[in-house]
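# Residue-level structure breakdown
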Amino acid sequence: MPKLKTHRGAAKRFKVTGTGKIMRRRANKSHLLTGKSSKRTRHLRQIAQVDETQYKAIKTLIPYKF
């Protein structure tokens, strides 16, 4: 079986923890921040866990991170 290519965009966006969880950054943090409250922008700084329903799709994009 041939080697699989890693989707480079996905590799930059997702990180895998030691226990196998996939972490992602939160959306809506790049621009138009003046209309968002300080509480909201602080919350957007935190990384989030990808929903388990998306694991299969992401594992195909980044096969060698697991």
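Everything that follows concerns the structure shown earlier in this document.
Procedures and definitions
Residues numbered from 1 in each chain as written. Predicted model: local features only at pLDDT ≥ 70, side-chain atom pairs only at ≥ 80, totals over all residues. Heavy atoms only, no water. Phe/Tyr/Trp six-rings, centres within 6.5 Å; stacked < 30°, edge-to-face > 60°. Lys NZ or Arg CZ within 6 Å of the ring centre and 35° of its normal. Patch = residues over 30% accessible without salt bridge, like charges linked within 9 Å, V, L, I, M, F, W, Y side chains within 5 Å. Areas by Shrake-Rupley, 256 points an atom, 1.4 Å probe, with all protein chains shown as cover. Salt bridge = Lys/Arg side-chain N within 4 Å of Asp/Glu carboxyl O. Lys, Arg positive; Asp, Glu negative; His and termini not counted. Charge placed at Lys NZ, Arg CZ, Asp CG, Glu CD. Helix = DSSP H or I, 4+ residues; strand = E, 2+ residues; numbered from the N terminus. Buried < 20%, exposed > 50% of the residue type's maximum accessible area, 1.4 Å probe, protein only. Pairing = 2+ DSSP bridges. Core = buried A, V, L, I, M, F, W, Y, C linked by side-chain atoms within 4.5 Å. Contact = heavy atoms within 4.5 Å.

### What to know about the packing of aromatic side chains
- For the coordinates displayed, the defined rule picks out zero aromatic pairs.
- A cation sits over an aromatic face here: Lys-59 above Phe-66, 5.0 Å from the ring centre.

### Quick notes on a positive patch on the surface
- On the surface, a cluster of positive charge is contributed by Arg-8, Lys-12, Arg-13, Lys-15 and Lys-65.
- For Arg-8, the position within the fold is in helix H1 (residues 8–13).
- Take Arg-8: its relative accessible area is 53%, and that puts it in the exposed class.

### Comments concerning the sheet that holds strand E1 (residues 15–16)
- With antiparallel pairing, the three strands of this open sheet are ordered in space as E1-E2-E3. In this open sheet, the two strands that pair with only one neighbour each are E1 and strand E3 (48–49).
- Alignment of E1 against strand E2 (residues 22–24), held across two bridges, turns out to be antiparallel. Of the residues in E2, the one forming a bridge with Lys-15 is Met-23.

### Topic: the environment of Val-16
- Mapped onto the fold, Val-16 is located in strand E1.
- Owing to a relative accessible area of 24%, Val-16 belongs among the partly exposed residues under this scheme.
- When the C-alpha positions of Val-16 and Lys-59 are compared, they lie 10 Å apart, and in sequence the two are 43 residues distant.

### Comments concerning the nonpolar core
- Ala-10, Ala-11, Phe-14, Ile-22, Val-50, Tyr-55, Ile-58 and Ile-62 form the largest nonpolar core, which has eight residues in total.
- Every element with two or more residues in this core is listed here: H1 and helix H3 (55–61).
- Those residues in contact with Ile-58 that sit more than four places away from it in its chain are Phe-14, Ile-22 and Val-50.

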